[in-house]
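Chain by chain, the residues run as shown.
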Amino acid sequence: MALEMLKDMRSLIVGQYLEFYYGRPVSLIEEILIYFSACILTYAFCRFLLRLRDKRRIESKICHFQQKYKKAKKIFKSKLESNERRQTVVIDNITKLPLEELIYKMKNKELHPKDVLYAYQCKAIKADDDVNCVVEPFFEANDWCSEVVKNGDKGPLYGVPVSLKDIFGVKGYDASGGILDFLDQPYSEDAVIVQVLKRQGAVPFVKTPVPQTMLSYDCHNSVQGQTYNPLDKKRTPGGSSGGEGALMAAGGSIIGFGGDIGGSIRIPASFCGICGFKPTAGRLRYTPSY
């Protein structure tokens, strides 16, 4: 009984409509083919709408974070320009010192760690304007530097500003690894390697860009864009620690920390003409991190 009713409904609704459209009676097989074709087209159209929605959502998120980082850098620049040390610090006299001499002078109070930090902050921002090698500065760096001076424990990296690849977790900041979905997820604690650096007297001051997923010999992602080689802006600084390589080659950092599985430190070091060291796997622990 029910089957007969369905057949009658098909005949009245579908069959008559198709017969009117094609000008002839339509067989059951033709009806089935038309039905599946309509389903496929409907599915494809829905997928198109979903992809369009996702594209707009992604573009909106990219724009949001680009504006966020741009604003952070602008605020940071204004802080540097209003810093009282601007009148007394000769930036190049500090940033051209080799690491050993720099640490020696800070430990012997020939240089103040805050002067050194200020010099490298200025140099890093200038390098970023030139080759796009900074994701964002750490606004707490001055406070961390004050803690180092106050503690008086002059560790092996006393007062040294260090830059970090965008994979190391720093409390209150993202560590995206160049992946959009990992943004807006600030870490609740420092990664182990960041904790160790701070205990040794180092002062993290900026984080540097990486290619998306870090599986690239270039340095580009959808949020930060392309990082360039300061030795030749038509060329790449390499990857995946390309931001570190570019920043150090431009003189904006004296020590940078990255990660290396298939050449992610060694390649940027080679491309940018700096020294890169890949420790034994597991020697430096950086979890929690990307």
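Here, every reference points to the structure presented above.
This one's a predicted model, so the numbers in the text were calculated from it and none came from an experiment. (Residues numbered from 1 in each chain as written. Predicted model: local features only at pLDDT ≥ 70, side-chain atom pairs only at ≥ 80, totals over all residues. Heavy atoms only, no water.)

**Student:** Is there a simple way to explain the overall build of the protein chain in this structure?
**Tutor:** A tally of regular secondary structure across the protein chain gives nine helices and six strands. Within the span of the protein chain, comprising 290 residues, buried residues form 41% of the whole. Long-range pairs, those at least 24 residues apart, make up 69% of the contacts in the protein chain with a sequence separation of at least 6. Element-wise, carbon and sulfur atoms account for 57% of the exposed surface of the protein chain, whose accessible area totals about 16,900 Å². (Helix = DSSP H or I, 4+ residues; strand = E, 2+ residues; numbered from the N terminus. Buried < 20%, exposed > 50% of the residue type's maximum accessible area, 1.4 Å probe, protein only. Contact = heavy atoms within 4.5 Å. Areas by Shrake-Rupley, 256 points an atom, 1.4 Å probe, with all protein chains shown as cover.)

**Student:** Would you mind showing me how to read the packing of helix α5 (residues 113–131) against helix α6 (residues 141–151) here?
**Tutor:** For any two helices packed against each other, one specifies the inter-axial angle together with the distance between the axes. The interhelical angle for the contact between α5 and α6, taken along N-to-C directions, is 155°, at an axis separation of 9 Å. The orientation of α5 relative to α6 falls into the category roughly antiparallel. Where α5 crosses over α6, the handedness of that crossing is right-handed. Facing Pro-113, Lys-114, Leu-117 and Gln-121 of α5, the residues of α6 in contact are Ala-141, Asn-142, Cys-145, Ser-146 and Val-149. Residues of the contact of α5 with α6, tallied by class, amount to five nonpolar, three polar and one charged. (Axes fitted to C-alpha atoms, helices over the stretch in contact; angles between N-to-C directions. Parallel < 35°, antiparallel > 145°, perpendicular 65-115°, else oblique. Left-handed = near helix turned anticlockwise from the far one by under 90°. Nonpolar A, V, L, I, M, F, W, Y, C, P; charged D, E, K, R; others polar.)

**Student:** Looking at this structure, I do not really get the side chain of Ser-163. What am I missing?
**Tutor:** Mapped onto the fold, Ser-163 is located in strand β2 (residues 161–165). Contact partners of Ser-163, with chain neighbours within four places excluded, come to Phe-205, Val-206, Thr-208, Glu-244, Leu-247, Ser-253, Ile-255, Gly-256 and Phe-257.

**Student:** I tried to follow α5 on my own but got confused; where do I start?
**Tutor:** Residues that lie three or four places apart on an α-helix share one face, since the helix turns once every 3.6 residues. The end-to-end C-alpha distance of α5 is 26 Å, a good match for the 27 Å that 19 residues give at a rise of 1.5 Å each. Across the 19 residues of α5, 15 count as buried, placing the element largely inside the fold. Two residues or fewer after α5 comes Asn-132, characterised by a positive phi angle close to 60°. (Expected span 1.5 Å × (residues − 1).)

**Student:** What is the right way to look at the side chain of Ser-241 in this model?
**Tutor:** Tracing the backbone through its elements, the reader meets Ser-241 in the loop between β5 (225–226) and α8 (242–249). Its relative accessible area of 4% is what places Ser-241 among the buried residues. For Ser-241, the contacting residues outside a window of four places in its chain are Lys-165, Gly-258, Gly-259, Ser-264, Ile-265 and Pro-268.

**Student:** Quick question: what am I supposed to make of the packing of aromatic side chains here?
**Tutor:** Both the distance between ring centres and the angle between the ring planes are used here to describe each pair of aromatic rings. Counted according to the given criterion, the structure contains four aromatic pairs. Measuring from ring centre to ring centre gives 5.6 Å for Phe-76 and Phe-139, while their planes differ by 85°; the resulting arrangement is edge-to-face. With a gap of 63 residues between them, Phe-76 in helix α2 (residues 28–81) and Phe-139 in the loop between β1 (136–137) and α6 connect regions that are remote in the sequence. In this structure Phe-76 comes out as buried when scored by relative accessible area, which is 4%. A relative accessible area of 32% means that Phe-139 is categorised as partly exposed. Geometrically, the ring pair formed by Phe-138 and Trp-144 is tilted, given 5.9 Å between the ring centres and 55° between the ring planes. Accessibility assignment for this pair places Phe-138 and Trp-144 in one class, buried. One cation-aromatic arrangement involves Lys-154 over Tyr-158; the distance from NZ or CZ to the ring centre is 5.8 Å. Taking the ring centre of Trp-144 as reference, the NZ or CZ of Lys-198 above it sits at 3.8 Å. (Phe/Tyr/Trp six-rings, centres within 6.5 Å; stacked < 30°, edge-to-face > 60°. Lys NZ or Arg CZ within 6 Å of the ring centre and 35° of its normal.)

**Student:** Help me out: how do you make sense of α2 in this one?
**Tutor:** Between its terminal C-alpha atoms α2 stretches 79 Å, which fits the 80 Å expected from 54 residues at 1.5 Å a residue. Of all the residues in α2, the buried ones are Glu-31, Ile-62, Phe-65, Tyr-69, Ala-72, Lys-73, Phe-76 and Leu-80.

**Student:** Got a minute to help me understand the pairing of β2 in this structure?
**Tutor:** In terms of residue burial, β2 counts as a mostly covered element, since five of its five residues are buried. Here β2 shows a buried face lined by Pro-161, Ser-163 and Lys-165 and a second buried face lined by Val-162 and Leu-164. Summarising the sheet, β2 and strand β3 (residues 203–208) pair through five bridges and their orientation is parallel. Along β3, the bridge assignment pairs Ser-163 with Val-206. You can see the chain leave β2, run along helix α7 (residues 192–199) and come back into β3, and the turn it takes is right-handed. Bridge count for β2 against strand β6 (residues 255–257) is three bridges, and the pairing is parallel. Of the residues in β6, the one forming a bridge with Ser-163 is Gly-256. (Pairing = 2+ DSSP bridges. Right-handed = clockwise from strand over helix to strand, strands pointing away.)

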